[in-house]
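# Architecture at a glance
Here is what each chain is made of, one letter per residue.
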Amino acid sequence: MAFTLRAGLSALVLFPCLVAGAVAAPPPAAVSMRVLSSPAGYVSGGDARIEIVAPAAQHGALQLRLNGQPVSPALTADGDRLEGVLTGLRDGPNTLTARLPRGGGQAVLQLRNHPITGPMFSGPQQTPFVCTTIQGAVGRQPLVDSANPPGYRVTDAGGATIGYSTNCSIDTFVSYQYRTTGGAWAPMPADGSRPADMAQVTLPDGRTVDFHVRREIGTINRFLYSIAMLAPLADNATQDDTSLWNRKLLYWFQGGVAVGHSQGTVHSGSMNPDILRQGYAIVHSSGNNTGTHYNLQLAGETAMMTKERFVERYGVPLYTVGLGGSGGAIQQYIIAQNQPGVLDALLPVQSYPDMVTQTIHVGDCELLEHYMDATDRGNPKWQVTKNRSWLVGFNAEDSVPDPLAPLKTALGYATAPGSTECIDSWRGLTPLAMNPWYGQAANQQFWEPQSDIAAIRWTHYDDLRNIYRWTEDGAARPTFDNVGVQYGLKALRAGRITPAEFLHLNWHVGGWKHPSDMVQEGFPFFGTSAAEVQKALTIPGYFDPWSLRNMNLAQGDQPAPRTRGDIVAMRRAYTTGHVFAGRIDVPAIDHRQYMERELDMHNVHQSFAMRSRVLQAMGHSDNVVVWFTDTVPGQPKASQTLEALAVMDQWMANLRANPAAGIHANKPVHAVDACFDLAGQPIARGADVWAGVLDDRPAGACTQQFPMYTTSRIEAGAPIAGGIYRCALKPVARAIADGTYGTWTPNADERAQLQQIFPDGVCDYGKPDRARPPR
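Nothing here was measured: the structure is a model prediction, and the numbers come from that model.

Quick look at the overall build of the protein chain now. When helices and strands are tallied, the protein chain shows 23 helices and 33 strands. Relative to a compact globule of 775 residues, whose C-alpha radius of gyration would be 28 Å, the protein chain shows 29 Å and is just as compact. Each of the three principal axes of the protein chain carries a C-alpha extent, and together these read 95 × 70 × 55 Å. Counting only contacts in the protein chain whose residues sit at least 6 apart along the sequence, the fraction spanning at least 24 positions is 70%. A total of about 30,100 Å² of accessible surface is found on the protein chain, and carbon and sulfur atoms cover 53% of it. Positive and negative side-chain charges in the protein chain, numbering 62 and 68 respectively, have mean positions lying 5 Å apart.

Taken as a whole and assessed by the stated rule, the structure comprises one cavity of 30 Å³ or more. The computed volume of the largest cavity comes to approximately 160 Å³. Along its surface, the largest cavity is lined by 20 residues, and Thr 357, His 361, Thr 711, Gly 722 and Gly 723 are the ones closest to its centre. Looking at the lining of the largest cavity, the elements that each hand over two or more residues are α4 (358-362), α17 (606-618) and α21 (712-715). Among the residues forming the lining of the largest cavity, the class breakdown is 10 nonpolar, eight polar and two charged.

Before going further, it helps to spend a moment on the sheet that holds strand β25 (residues 447-448). Here we have three strands laid out as an open sheet, ordered β12-β11-β25, and antiparallel in their pairing. Strand pairing shows two members of the sheet lacking a second neighbour, β12 (161-165) and β25, which therefore form its edges. Where strand β11 (residues 151-155) meets β12, four bridges bridge the pair, whose relative direction is antiparallel. Bridging from a neighbouring strand, Thr 155 pairs with Thr 161 of β12.

Here the focus is the pairing of strand β7 (residues 75-78). Across four bridges, β7 lies against strand β8 (residues 81-86) in antiparallel orientation. Directly across from Ala 77, in β8, lies its bridge partner Leu 82. Counting the residues in the hairpin turn of β7 and β8 gives two residues, including Gly 79, whose phi is positive at 65°.

Core analysis: the biggest nonpolar cluster contains 120 residues, and Phe 310, Phe 628, Trp 690, Tyr 725 and Tyr 741 have the highest contact counts within it. A total of eight residues in this core trace back to one element, the largest contributor, which is helix α2 (residues 296-314). Those residues within four positions of Phe 628 in sequence are excluded, and the remaining contacts are Arg 592, Tyr 594, Val 604, Ser 607, Phe 608, Ala 674, Cys 675, Phe 676, Trp 690, Phe 706 and Met 708. By size, the runner-up hydrophobic cluster in this structure holds 36 residues, among which are Trp 252, Ile 275, Ile 589 and Phe 676.

This part is about α2. With 19 residues, α2 should reach 27 Å at 1.5 Å per residue; the first-to-last C-alpha distance of 26 Å fits that figure. Taking burial as the measure, the 19 residues of α2 include 17 buried ones, the bulk of the element. A side-chain oxygen of the first residue of α2 lies 3.1 Å from the backbone nitrogen of Gln 297; this N-cap is Asn 295. Once α2 ends, the next one or two residues include Gly 315, with phi positive near 105°.

Attention shifts here to the pairing of strand β20 (residues 281-289). With nine of nine residues buried, β20 is to be regarded as a mostly interior element. Of the strand pairs in this sheet, strand β18 (residues 223-230) and β20 are connected by four bridges, and their pairing is antiparallel. Its bridge partner being in β20, Ile 227 is matched across the sheet by Val 283. Direction of pairing for strand β19 (residues 248-254) relative to β20: parallel, over a ladder of five bridges. Following the sheet pairing, Gln 254 is matched in β20 by Asn 289.

This part covers the state of the cysteines. Counting across every chain of the model gives four disulfides. A sulfur-sulfur separation of 2.0 Å characterises the disulfide bridge that pairs Cys 365 with Cys 422. Handedness of the Cys 365-Cys 422 disulfide follows from its S-S torsion of about -70°: it is left-handed. On the criterion of sequence distance, the pair formed by Cys 365 in helix α5 (residues 365-375) and Cys 422 in helix α8 (residues 421-426) is long-range, its members being 57 residues apart. We note that Cys 365, like Cys 422, is buried.

Helix length check: helix α3 (residues 327-338) (12 residues) gives 16 Å between terminal C-alpha atoms against 16 Å at 1.5 Å per residue, within 8%. Across the 12 residues that make up α3, a large majority, 12, are buried. Residues of α3 that are buried include every one of Gly 327, Gly 328, Ala 329, Ile 330, Gln 331, Gln 332, Tyr 333, Ile 334, Ile 335, Ala 336, Gln 337 and Asn 338, and no others.

Its place among the elements puts Lys 730 in strand β32 (residues 729-730). Lys 730 sits 76 residues away from Asn 654 along the chain, and the two C-alpha atoms are 51 Å apart. Sequence-distant contacts of Lys 730, defined by excluding residues within four places in its chain, comprise Ala 735, Asp 738, Thr 740, Gly 761, Val 762, Cys 763 and Asp 764. A polar side-chain atom of Lys 730 sits 2.8 Å from a polar atom in the side chain of Asp 738.

Let's shift gears to unusual backbone geometry. Keep in mind that most residues, glycine aside, have a negative phi and that most peptide bonds are trans. Across the junction of Gly 118 and Pro 119, the peptide omega takes the value -5°, indicating a cis bond. Residues other than glycine seldom take positive phi values, yet Ser 547 does so here, at roughly 60°. Relative to the helices and strands, Ser 547 is located in the loop between α15 (530-538) and β27 (551-552). We note that Leu 599 has phi near 60°; this positive angle belongs to a residue other than glycine. Mapped onto the elements, Leu 599 comes out in the loop between β28 (588-594) and α17.

So, about the sheet that holds strand β4 (residues 48-53). Taken in spatial order, the four strands line up as β2-β4-β8-β7 in an open sheet, and their pairing is antiparallel. Because the sheet does not close on itself, it has two edges, and the strands there are β2 (32-35) and β7. Neighbouring strand axes in the sheet, compared pairwise and without regard to direction, differ in orientation by 20° on average. Direction of pairing for β4 relative to β8: antiparallel, over a ladder of six bridges. By the bridge assignment for β8, Glu 51 is matched with Glu 83.

Taken residue by residue, the protein chain gives an average pLDDT of 94. The fraction at 70 or more is 96%. Ignoring residues within four places in sequence, the model shows residues 1-26, a span with pLDDT below 50, making 48 contacts including any to other chains.

So, on to the packing of helix α14 (residues 499-508) against helix α23 (residues 748-757). Relative to each other, α14 and α23 sit at 25°, their axes nearing to 10 Å. One finds that α14 runs roughly parallel with respect to α23. For the crossing formed where α14 meets α23, the hand is left-handed. Where α14 abuts α23, its residues Pro 499, Phe 502, Leu 503, Asn 506 and Trp 507 lie against Glu 750, Gln 753, Leu 754, Gln 756 and Ile 757.

As a further point, take the pattern of salt bridges. Applying the stated criterion across every chain yields a total of 38 salt bridges. Arg 49 is paired through a salt bridge with Glu 83; the nearest N and O atoms lie 3.0 Å apart. Of the two residues, Arg 49 is situated in strand β4 and Glu 83 in strand β8; the sequence distance between them amounts to 34 residues. With respect to burial, Arg 49 and Glu 83 carry one shared label: buried.

Cut-offs used in this document
- Sequence order sets the numbering: in each chain, residues are counted from 1 along the sequence as written.
- For this predicted model, a pLDDT threshold of at least 70 governs which residues receive local features, and a threshold of 80 or more governs which side-chain atom pairs are given and counted, while totals over whole chains, interfaces and linings are taken from all residues.
- Only hydrogens and water are removed before side-chain values are computed, so all heavy atoms of the structure are retained for them.
- Only DSSP runs of H or I with at least four residues qualify as helices, and only runs of E with at least two residues qualify as strands; both kinds are numbered from the N terminus onward.
- The globule rule is 2.2 Å times the number of residues to the power 0.38, and the radius of gyration it is compared with is taken over C-alpha atoms.
- The criterion used for residue contact is that any of the two residues' heavy atoms lie within 4.5 Å.
- To measure how exposed things are, a 1.4 Å probe is used in the Shrake-Rupley method; for residues, cover is taken only from the protein chains shown.
- Positive charges come from Lys and Arg alone, negative charges from Asp and Glu alone, with His and the N- and C-terminal ends not counted.
- Each charge is placed at NZ for Lys, CZ for Arg, CG for Asp and CD for Glu.
- Using a grid of 1 Å spacing that covers the protein atoms alone, one calls a set of points a cavity when a 1.4 Å probe fits there but cannot get out, and a pocket when the set is open and has protein on both sides within 12 Å along at least five of seven lines; lining residues are those with an atom within 4 Å of a point.
- Grid points are joined across faces, edges and corners, and a volume is the space filled by probe spheres set on the points.
- As a working rule, the residues Ala, Val, Leu, Ile, Met, Phe, Trp, Tyr, Cys and Pro are called nonpolar, Asp, Glu, Lys and Arg charged, and the rest polar, with Gly in that last group.
- The pairing criterion for strands is at least two bridges between them, as found by DSSP.
- Within this scheme, the nonpolar core is defined by two criteria: the residues are buried Ala, Val, Leu, Ile, Met, Phe, Trp, Tyr or Cys, and they are joined through side-chain atoms within 4.5 Å.
- To sort residues, take the accessible area from a 1.4 Å probe on protein chains only and compare it with the maximum for the residue type: under 20% means buried, over 50% means exposed, and anything in between is partly exposed.
- Helix span is expected to be 1.5 Å times the residue number reduced by one.
- Identification of polar contacts relies on pairs of N or O atoms within 3.5 Å, with a donor-acceptor requirement for protein atoms, meaning one able to donate a hydrogen and the other able to accept it, and with residues adjacent in sequence counted only if both atoms are side-chain atoms.
- For this text, the term disulfide refers to a pair of cysteine sulfurs within 2.5 Å.
- Helix axes use the C-alpha atoms of the stretch in contact, all axes being lines fitted to C-alpha atoms, and the angles between their N-to-C directions lie in the range 0 to 180 degrees.
- The pLDDT value tells you how sure the predictor is about a given residue, anywhere from 0 up to 100.
- Here roughly perpendicular refers to angles of 65 to 115 degrees, roughly parallel to angles under 35, roughly antiparallel to angles over 145, and oblique to all remaining angles.
- Should the near helix be turned counterclockwise from the far one by less than a right angle, the crossing is left-handed, whereas a clockwise turn marks it as right-handed.
- A side-chain nitrogen of Lys or Arg and a carboxyl oxygen of Asp or Glu constitute a salt bridge if their distance falls within 4 Å.

Written as structure tokens, this is what we have:
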């Protein structure tokens, strides 16, 4: 499908005026042009695949000029259409004109070209930027683009320095691999002979062909990209034989958590055999791996440029579908929201609506775990694993032990028999996101000067400094905010904790220091060797799994200060599209494995946080399907991804056949909400299976089957959609009067404590995020 061209970037079609006369002349033939490979304002690398429409009988007379100079790109005719790749674009604005002689018609197309190394719209590029081309599927040094530092040191085979690279570019290369009958990838023999152990595949059209794959690897926007598809044995690097391609493109998005300063690596998912064997082409970039960075404006730019490369070289696909889990799912939602036309369909796996609003409640984890382990260690309630969910919201299980429980006990801290999701899945993410001292990049030893590496602020905020902006001291603006948050409010209202416990919790829980005031982490963040354990047991304060040293805690008779985030950063998270606002105009099958029993970080309520935002933005979620598949720890897990791909393929075929009917009316029969058992067999399908999650109806069949948990902010009264950076505040007196505290009516002393804890008021989650810009 074609890109959506924003206002001011689309092709301009001009029609000459009719000439008055006694006999009206027939209208002149029209000429039109458009860019097929990208929006016309965002072309990269000096070339673009274009379409020209003009009467077929006059194609030979068509005159093309680029920036005033005649050009003759290789164009293929199909009726009135001409299609081909235009080369020779200069950086910046370009004008392409197409004209038929003797008043036959003219079209003008304005294009803006950008360097293949980027950027197009993501802002100044991050530096230092450490190359990883010597690793994984690439295995070669980057090209030298500077004789002197700063840059990544490039060496010869003997290790001698031959220059420096700042863009980490490589020469594009093509390799051929085959799938063995044993189910592994192997390089083709150098002599081109057919290996005896080469597997074969039967394509959907019935052809049986060798499982032989052409793979192109290069660099775009400083990241490594991969394009893979089935190819005949006779193909070579210059032929680009696409006879085995089914004309469908899958964009592989990868998850993970990182804070940039690295080129990243090409992921193995870009050679997924179950997808390639069906005839799909797979495109991927290390810049679309959140284990490389989490700047989703940069990720959107990279996806646009990488798909552009594919279309220029191989042609326009029937559709492009995204596939990826966790951060790979987030990228799909954000790119569909921000760069319409890059993706025509989404297959998010283990999704979250976005990353930036996950930091809101994940940032609470260690504050609350520290409170239960240390501050309120004498309270027996926190020695019951399940009770800890009252505060953190996430699930807690006795069957998942806390690996640090013996050390906690030895040092006098409280513990429980098991863990919460905070401990098992999120521990370490707070320093990774917030602490400028805690981080590194693979191969950073090759960057010169090393003082540049030492100066890096390793935080999520600094990775996104183009998004959040920075203060006068050069530090990026942080977003974490817990002013007015009443932790444990639902537990209070339910009678699980007493008013005294509620007050004690909120008096002591505190907040985080500004990243610029943080210090390096302690145990266990530098390993759990015997030497590290000994230091944890003997050096006061070195045992610090909660990052206590970087918290603001209670001093004397004053409550622990809360953290006030930077409103500029919060608002820019919205205006730059890093917050998923819920508007997507493409079909999506959001599917996940249910792994709450093992405290996996991909907590399942996130699919409904996403759906809640879609409902708020669009008034319906007809284009979004939610599937869960059950799992049990320690047993093989069924996956519905290939089924989702097949259903989506039919959905897209229906849309091609009947575009006017729209997304909802073209749903195939299985494009409905569903849940599946341990073997991947359907438990229930239909519009009502998730009833009761986002409404007050009786629980549907899937709702009953799959218990869902919450977050610390939902337990404090926030809605399931999440994403409230800075809550609206109401005075404590109003909260008491309007029943916020349920049956508890605070006495005078308790009112005074509430007022001390919340001098600016408490969260009023009935109102929108104060950081959200007006619509």
